[in-house]
Amino acid sequence: MSVTSAPSSRAATSAAPPPPPSGPAPAAAPCLRFRGLAKTFPDGTTALQGVDLDVAPGDFVTVVGPSGCGKSTLLRIASGLERPSAGEAQVSAEQIGYVFQDATLLPWRTVARNVELLAELHHRPRAETRRAAAEAIELVGLAGHEQKLPGALSGGMRMRASLARSLVLEPQLFLFDEPFGALDEITRERLGDELLRLHAAKGFGALFITHSVTEAVYLSTRVLVMSGRPGRIVTAVDVPFGADRDPELRFTPEFAALCGRVSAALREGHS
Ligand SMILES: Nc1ncnc2c1ncn2[C@@H]1O[C@H](COP(=O)(O)OP(=O)(O)O)[C@@H](O)[C@H]1O
Ligand SMILES: [Mg+2]
């Protein structure tokens, strides 16, 4: 769907709260569910407090918040690397994909061999791994670069390889920690479009962290705004645009209105 073809009812809801559901909720069971989540580190630092959060398959949930408010801690709890100090953290996804700002490719392996890495570590059969890696490389737009080493790739290409490496495992839940933060704006926007396409094709649930309000609204089905530390979710903004967004969306009044709401919530949570 392009912006211009958006049904007006969708556009009309963008500046107002979403209407109440009219029947029994058809929502899929969440692949990630946090309830009353809190995290205090052994040194006494409380990073998170009272966080409720659901990500269902097909959701693209973005979290924005000031530096140090606990966003990475939230993702580390989702990934199982960190345990909450209070509350519930349920993750029902069989496979989880991770993409961080640093693509962490092995410099001595080619693109193809890097993309095969996680499947190898999971002891997937060799032929299946090669087939899945070739498909993932094609999906992220790296076809033709399979035999290059990471040192020969641009930042955007390294990020594509990192995405492909996780895609090979067909994750039901993807965790992104400011993945495009180190990239220039054009590359960042292009990768955002690719990610939207992948999300629509694969239907995974996504929990995405970013500093950019525009990126959050462009990619998401829901934007969550966190307060300063200890991080709490102070505002949730549902994004009514359909899956096939195009770059022009960023220049529409509906888009600007949503960005304005998110920015205002960020300022309030910060003060
Ligand atoms: N292992 C740790 N021990 C103590 N404090 C930590 C630890 N990890 C993170 N913190 C602190 O918790 C807060 C939240 O960190 P983080 O989740 O990385 O924030 P964000 O990703 O939002 O910038 C920060 O004040 C950080 O210094
Ligand atoms: Mg962080």
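Keep in mind the model is a prediction, meaning the values are calculated, not measured. (Residues numbered from 1 in each chain as written. Chains lettered and ligands numbered in written order. Predicted model: local features only at pLDDT ≥ 70, side-chain atom pairs only at ≥ 80, totals over all residues.)

Observations concerning the environment of Phe-34
Part 1 of the reasoning: Take Phe-34: it is sitting in strand β1 (residues 32-40).
Part 2 of the reasoning: Considered as a pair, Phe-34 and Ile-77 are 43 residues apart in the sequence and their alpha carbons are 9.6 Å apart. (Helix = DSSP H or I, 4+ residues; strand = E, 2+ residues; numbered from the N terminus.)

Some words on the sheet that holds strand β4 (residues 86-91)
Part 1 of the reasoning: The strand order across the open sheet built from 3 strands is β2-β1-β4, with neighbouring strands paired in antiparallel fashion. Two strands close off the open sheet at either side, each with one partner strand: β2 (46-55) and β4. Each neighbouring strand pair of the sheet contributes to a mean axis angle of 20 degrees, computed without reference to strand direction.
Part 2 of the reasoning: Relative to β2, β1 is paired through 6 bridges, and the arrangement is antiparallel. Across the sheet, residue Phe-34 finds its bridge partner in β2, namely Leu-53. (Pairing = 2+ DSSP bridges. Axes fitted to C-alpha atoms, helices over the stretch in contact; angles between N-to-C directions.)

What about the packing of helix α3 (residues 111-121) against helix α4 (residues 126-139)?
Part 1 of the reasoning: As a packed pair, α3 and α4 sit with axes 9 Å apart at the nearest point and diverge in direction by 125 degrees. As far as their axial angle goes, α4 and α3 are oblique. α4 is crossed by α3, and the crossing has right-handed handedness. From α3, Val-111, Ala-112, Val-115, Glu-116, Ala-119 and Glu-120 reach across to α4, where they touch Thr-129, Arg-130, Ala-132, Ala-133, Ala-136 and Ile-137.
Part 2 of the reasoning: Taken together, the residues of the contact of α3 with α4 break down into 8 nonpolar, 1 polar and 3 charged. (Parallel < 35°, antiparallel > 145°, perpendicular 65-115°, else oblique. Left-handed = near helix turned anticlockwise from the far one by under 90°. Contact = placed C-beta atoms within 7 Å. Nonpolar A, V, L, I, M, F, W, Y, C, P; charged D, E, K, R; others polar.)

A few points about the pairing of strand β5 (residues 96-100)
Part 1 of the reasoning: Where burial is concerned, most of β5 is hidden: 4 out of the 5 residues are buried.
Part 2 of the reasoning: Looking at chain direction, β5 and strand β6 (residues 173-177) are connected through 5 bridges and run parallel. From the neighbouring strand, Gly-97 faces β6, where its bridge partner is Phe-174. (Buried ≥ 20, exposed ≤ 12 C-beta atoms within 10 Å, placed from the backbone.)

A closer look at the pairing of strand β8 (residues 222-226)
Part 1 of the reasoning: Of all 5 residues that make up β8, 4 are buried, and the element is covered over most of its length.
Part 2 of the reasoning: Taken together, the 4 bridges between strand β3 (residues 60-64) and β8 define a ladder with parallel strand orientation. Of the residues in β8, the one forming a bridge with Val-64 is Val-225.
Part 3 of the reasoning: Between β8 and strand β9 (residues 233-238), which pair antiparallel and follow one another directly, the connecting turn spans 6 residues.

Here's the deal with the site of ligand 1
Part 1 of the reasoning: Around ligand 1, a shell composed of 13 residues is seen, among which Phe-41, Ala-47, Lys-71, Ser-72 and Thr-73 lie nearest.
Part 2 of the reasoning: Take the shell around ligand 1: its biggest share by element is 3 residues, from helix α2 (residues 71-79).
Part 3 of the reasoning: The class makeup of the residues in the shell around ligand 1 is 3 nonpolar, 7 polar and 3 charged. (Near = placed C-beta within 6 Å.)

Notes on unusual backbone geometry
Part 1 of the reasoning: Residue Pro-230 is bonded to the preceding Arg-229 through a cis peptide linkage, with omega at -5 degrees.
Part 2 of the reasoning: Inspection of the secondary structure assignment puts Pro-230 in the loop between β8 and β9.
Part 3 of the reasoning: Phi is positive for Glu-170, which is not a glycine, with a value near 50 degrees.
Part 4 of the reasoning: Tracing the chain through its elements places Glu-170 in the loop between α5 (155-167) and β6.
Part 5 of the reasoning: Classification of Glu-170 as partly exposed rests on a count of 14 C-beta atoms within 10 Å.
Part 6 of the reasoning: For Glu-178, which is not glycine, the phi torsion reads 45 degrees and is therefore positive.
Part 7 of the reasoning: One can find Glu-178 in the loop between β6 and α6 (185-202).
Part 8 of the reasoning: The partly exposed category is assigned to Glu-178, around which 19 C-beta atoms lie within 10 Å.

Considering the sheet that holds β9
The strands making up a sheet associate through hydrogen bonds between their backbones, and the pairing can be parallel or antiparallel.
Part 1 of the reasoning: Pairing is mixed across the open sheet formed by 6 strands, whose spatial order is β5-β6-β7-β3-β8-β9. In this open sheet, the two edge strands, each paired with only one partner strand, are β5 and β9. With strand direction ignored, the average angle separating the axes of adjacent strands in the sheet is 15 degrees.
Part 2 of the reasoning: Together, β3, β5, β6, β7 (205-209) and β8 form the strand contacts of α2, whose direction differs from that of β6 by roughly 150 degrees.

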